[in-house]
Amino acid sequence: MNHGYLLVSILLLFAGSCGFEAAQKEPAPCHYYEFTDGPHIKQFWEESCQNGKLDLWVHRLAQKLEKHLEQGALGIPYDTLEALGQEQFNRTMQSVSTVRGNTYRRVNRIFKTLVRHTLRTDVDYEIFVIRHQKQPGLINAWVTAHGKVFITTAMLEFVETEDELAFILSHELAHIENMLPDRRLALRGELRSVLGYSEIGTLLSNTTESALTSINQYHELIADRSALYFMNEAGFDPEGALQFFSRLDRTFNDNQSYFFLEPLSNTHPYDHIRFNCASRYIFDSKRVVPGCEKSNELPAPNAAQFSKK
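Peer 1: Just checking my understanding: could you explain the side chain of Glu239 for this structure?
Peer 2: Here Glu239 shows up in the loop between α9 (215-233) and α10 (240-252). Under the relative-accessibility criterion, Glu239 is labelled buried at 18%. Among the polar contacts listed, one links the side chain of Glu239 to the side chain of Tyr33, at a separation of 2.7 Å.

Encoded structure:
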């Protein structure tokens, strides 16, 4: 008898019996998500997305302004956006170095999976992994007006799962899919047309735009919601966004303000506001599969206590 053949057979049988359970596909989750707003978030307001009565007033103003800006954005030629995006791209590339290799391939794989679920056909999406030369510890990601997405190596070191990374990339794609840079450009154009193109008019226009910085927070919440849709469609867990916001809040603890107007000067909502808003949207969108025993608890419908330290 061929003892070598017998030994190999025994080893294969043993390996098969030991690894069978591990190789088994995990049972399908007993829930699914139904983000009924889809990728294009129109209007929303809920208590979990605000930071007090003043913030409520600003968001109501933003909602009214958005109706006007949406129409203005639709009228902006793409070559105008492309020129602006190229200017933003060139400015960024002056202070960063690009990263390739396995790190880039990993990010690009997730990015391309997400891009397959975008709807705009006039945008050529592209991802750049960068190392910031002057701020190597910069934890950030951003997008140009013509669809070039940047993510820093420090951000890649900060995230812990592919779901978190998928949320960050989806958030940037959502800015373009919802035409948010276009709306900002429309706002700038409106201000210039009203205040004029003189030196004083330009100064007033820039000052007014700076005063409306907090309206950008509304855009960020729109992008967060839209991102949950994109990552779910691409097969990632939307609750990865909650893990990301939770760690951001613990790391930077940015929710302590001693001046009530200070939150309105921020370009982004506080991390705990974004957590609460995303948590509510996930909770409202989670559906249990009929006849399937629920395996995971739903996120808390009101996570306001998250920020209370």
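Peer 1: I keep staring at the sheet that holds strand β4 (residues 141-143) and nothing clicks. Help me out?
Peer 2: Sheet strands line up and pair through hydrogen bonds in the backbone, either parallel or antiparallel. What the four strands build is an open sheet, ordered β2-β3-β5-β4; its pairing is mixed. Since the sheet does not close on itself, it has two edges, and those belong to β2 (96-98) and β4, each with one partner. Between one strand axis and the next, the sheet turns by 35° as a mean value, whatever way the strands run. Pairing geometry for strand β3 (residues 126-132) and strand β5 (residues 148-152), over five bridges, is parallel. Its bridge partner lying in β5, Ile127 is registered against Val149. Helix-sheet contacts for helix α4 (residues 101-115) involve β3 and β5, and the interaxial angle to β3 is about 145°.

Peer 1: Hey, could you run me through the confidence of the model for the protein chain in this one?
Peer 2: Interpreting fine coordinate detail is not advised for predicted regions of low pLDDT. Looking at the protein chain as a whole, its pLDDT mean stands at 77, while 71% of the residues score no less than 70. Residue range residues 4-25 is modelled with pLDDT below 50. Its contacts to residues more than four positions away, or to other chains, number one contact.

Peer 1: Explain the packing of aromatic side chains here, please?
Peer 2: Each aromatic ring pair is specified by the distance between its two centres and by the angle formed by the two planes. Counted according to the given criterion, the structure contains eleven aromatic pairs. One aromatic cluster is present, formed by Phe89, Phe128, Trp142 and Phe150 through successive ring pairs. The ring centre of Phe158 lies 5.3 Å from the NZ or CZ of Arg247, which sits over that ring.

Calculation criteria
Residues numbered from 1 in each chain as written. Predicted model: local features only at pLDDT ≥ 70, side-chain atom pairs only at ≥ 80, totals over all residues. Heavy atoms only, no water. Helix = DSSP H or I, 4+ residues; strand = E, 2+ residues; numbered from the N terminus. Buried < 20%, exposed > 50% of the residue type's maximum accessible area, 1.4 Å probe, protein only. Polar contact = N/O pair within 3.5 Å; in protein donor to acceptor, adjacent residues only side chain to side chain. Pairing = 2+ DSSP bridges. Axes fitted to C-alpha atoms, helices over the stretch in contact; angles between N-to-C directions. Contact = heavy atoms within 4.5 Å. pLDDT = per-residue confidence, 0-100. Phe/Tyr/Trp six-rings, centres within 6.5 Å; stacked < 30°, edge-to-face > 60°. Lys NZ or Arg CZ within 6 Å of the ring centre and 35° of its normal.

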